[in-house]
Amino acid sequence: MSEKVLLLENIHPVAVENLEAAGFDVELRSASMSEDELVAALPGVTMLGIRSNTHITPRVLDNAPDLRAIGCFCIGTNQVDLSYAAQKGIAVFNAPFSNTRSVVELVIAEIISLARRLPEKTQKMHAGIWDKSAKGSHEVRGRTLGIIGYGNIGTQLSNLAEAMGMYVIFYDIADRLAHGNARRMPTLDALLAEADVVSLHVDGRPGNAGIFGEEQFKKMKPRSLFINAARGMVVDTEALREHILSGHIAGAALDVFPIEPKAQGDEFESPLRGLDNVILTPHVGGSTQEAQEEIGYFVSTKLKSFQRQGSTALSVNLPAVQPPALGEGDRIGFLHVNVPGVLAEVNNLFAAEGVNVTGQYLATRGEQGYVVTDAAEAVSADSLAKLEASPHTIWLRSWSV
């Protein structure tokens, strides 16, 4: 019987092709699932693929007895309880780089569109109003872009913005190397006081919830622009609305929101609807054909390699081990509690049976360790049963050619 994979939220068909070619039974659904729907759907599912709108809670994981891996077909993983998944031995993978360029290109387009007040102009044209005026329209050349969060997306945005003649400043709580002529700012307040455009690129960790609200908007330069293509929960949209209506903020573009519809065609609600010079897009920063195809292939390959080869390379919650391609003989994957003596226990058991170990690859992460052992000959069922019975075992799996 083939292993079942459930893919949600319109994941690119290349993921289906990749997994089906490896022998998996794949079910593709267009919408996200609620907690109750997941609880009902996951028994019998070996691997789950989601994007940002499906939330994997401890209750979901407790009711997924057959689940071995989760693929987040996006950058973020905050929609998954990573620590609880690790406790259950469920590997989680994502695509940390695949849609970076797509997000950056959207932000660049939004900076230019807002500076030229294109949303307002096009709306009037559709209403039959010819408004040929330079009032409020500016070039971006010579303007200062303030980037909050200088990671993979922030740094690439920095490079492209400089190429257009913008000055770039950034703020990040981590120690980041400045690209080109970008300048690190000592505080967030210092960045807000200097930037003509503020663009958020922080991650979805709980500590970032609500970090940009009334206090931060007040400290932005008069008539500056605001962009959020990071996480919806980091911004107080009611406060942003008031500052747009007052004229303090000249325009804004948001691609992410605190509450987002579950499926295509569902109603979208936001206090920012209907405001002049405000661009609202339905979380499409990474939604280009190029990015989605790359994400679909990348994450599905990680899932396939984990299930077929025991590789946890680039897992965001388990120890990362990347063994070579499976060769002749047996491969044993052993996820265990990270305590002294476990590796010796494994090797003593193999030695007692006279097993010739041809390769061993291991890593630890927090309270867990993971060791992959390649053997020249088959390991007996008795030896595997003894290892599985160890009080330190989280799971034990074997592969053979």
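Whatever comes next refers back to the structure up there.
What counts and how
Residues numbered from 1 in each chain as written. Predicted model: local features only at pLDDT ≥ 70, side-chain atom pairs only at ≥ 80, totals over all residues. Heavy atoms only, no water. Helix = DSSP H or I, 4+ residues; strand = E, 2+ residues; numbered from the N terminus. Buried < 20%, exposed > 50% of the residue type's maximum accessible area, 1.4 Å probe, protein only. Contact = heavy atoms within 4.5 Å. Areas by Shrake-Rupley, 256 points an atom, 1.4 Å probe, with all protein chains shown as cover. Phe/Tyr/Trp six-rings, centres within 6.5 Å; stacked < 30°, edge-to-face > 60°. Lys NZ or Arg CZ within 6 Å of the ring centre and 35° of its normal. Pairing = 2+ DSSP bridges. Axes fitted to C-alpha atoms, helices over the stretch in contact; angles between N-to-C directions. Right-handed = clockwise from strand over helix to strand, strands pointing away. Patch = residues over 30% accessible without salt bridge, like charges linked within 9 Å, V, L, I, M, F, W, Y side chains within 5 Å. Salt bridge = Lys/Arg side-chain N within 4 Å of Asp/Glu carboxyl O. Lys, Arg positive; Asp, Glu negative; His and termini not counted. Charge placed at Lys NZ, Arg CZ, Asp CG, Glu CD.

Draft legend 1. Looking closely at the overall build of the protein chain. When its secondary structure is counted, the protein chain shows 13 helices and 16 strands. Principal axes of the C-alpha set define a box for the protein chain whose edges measure 85 × 45 × 30 Å. With 401 residues in all, the protein chain has 50% of them scored as buried. Of the contacts formed within the protein chain by residues at least 6 apart in sequence, a portion of 63% connects residues at least 24 apart. Per element, the accessible surface of the protein chain, about 18500 Å² overall, is 51% carbon and sulfur.

Draft legend 2. Structural view of the packing of aromatic side chains. Within the structure shown, the criterion is met by eight aromatic pairs. With 6.1 Å between their ring centres and 75° between their planes, Phe-306 and Trp-395 make a pair best called edge-to-face. Taken together, the residues span a long stretch of sequence, with Phe-306 in helix α11 (residues 289-309) and Trp-395 in strand β16 (residues 393-400) at a distance of 89 residues. Of the residues examined, Trp-395 reaches a relative accessible area of 7% and is grouped as buried. Put simply, the rings of Phe-93, Phe-306, Tyr-370 and Trp-395 pair up and form one aromatic cluster. Positioned above the aromatic ring of Phe-24 is the side chain of Arg-308, whose terminal nitrogen or guanidinium carbon lies 4.0 Å from the ring centre. Taking NZ or CZ as reference, Arg-397 lies 3.8 Å from the ring centre of Trp-395, over its face.

Draft legend 3. Spotlight on the sheet that holds strand β2 (residues 25-28). A sheet is described by the order of its strands in space; here five strands give the open sequence β2-β1-β3-β4-β5, paired in parallel fashion. On the outer flanks of this sheet lie β2 and β5 (91-93), each paired with one strand and no other. Strand-to-strand twist in this sheet, taken as the mean axis angle between neighbours without regard to direction, amounts to 15°. When strand β1 (residues 4-7) meets strand β3 (residues 45-50), the two strands line up parallel, connected through four bridges. Its bridge partner being in β3, Leu-7 is matched across the sheet by Gly-49. Contacts between α11 and the sheet are confined to β3, β4 (69-72) and β5, with β4 contributing the most and set at about 165° to the helix.

Draft legend 4. Main features of the pairing of strand β6 (residues 144-148). In terms of burial, β6 is a largely internal element, five of the five residues being buried. Neither face of β6 is open: one carries Thr-144, Gly-146 and Ile-148, the other Leu-145 and Ile-147, and all of them are buried. Looking at chain direction, β6 and strand β7 (residues 167-171) are connected through five bridges and run parallel. Within the sheet, the bridge partner assigned to Gly-146 lies in β7 and is Ile-169. Following the chain from β6 across helix α7 (residues 152-163) to the adjacent parallel β7, one finds a crossover that is right-handed.

Draft legend 5. Region of interest: a negative patch on the surface. There is a patch of like negative charges on the surface, built from Glu-17, Glu-20, Asp-25, Glu-290, Glu-293 and Glu-294. Per-element accounting of the negative patch gives the leading share, three residues, to α11. A relative accessible area of 40% places Asp-25 in the partly exposed class.

Draft legend 6. Here's a closer look at the pattern of salt bridges. Counting across every chain of the model gives 21 salt bridges. For Glu-120, the salt bridge identified is with Arg-117, shortest N-O distance 2.7 Å. Like Arg-117, Glu-120 is buried. For Asp-189, the salt bridge identified is with Lys-219, shortest N-O distance 2.9 Å. Of this pair, Asp-189 sits in helix α8 (residues 188-194) while Lys-219 sits in helix α9 (residues 214-219), placing them 30 residues apart in sequence. Given a relative accessible area of 36%, Asp-189 falls into the partly exposed group. What you see here is one network of salt bridges that share partners, running through Lys-4, Glu-27 and Arg-29.

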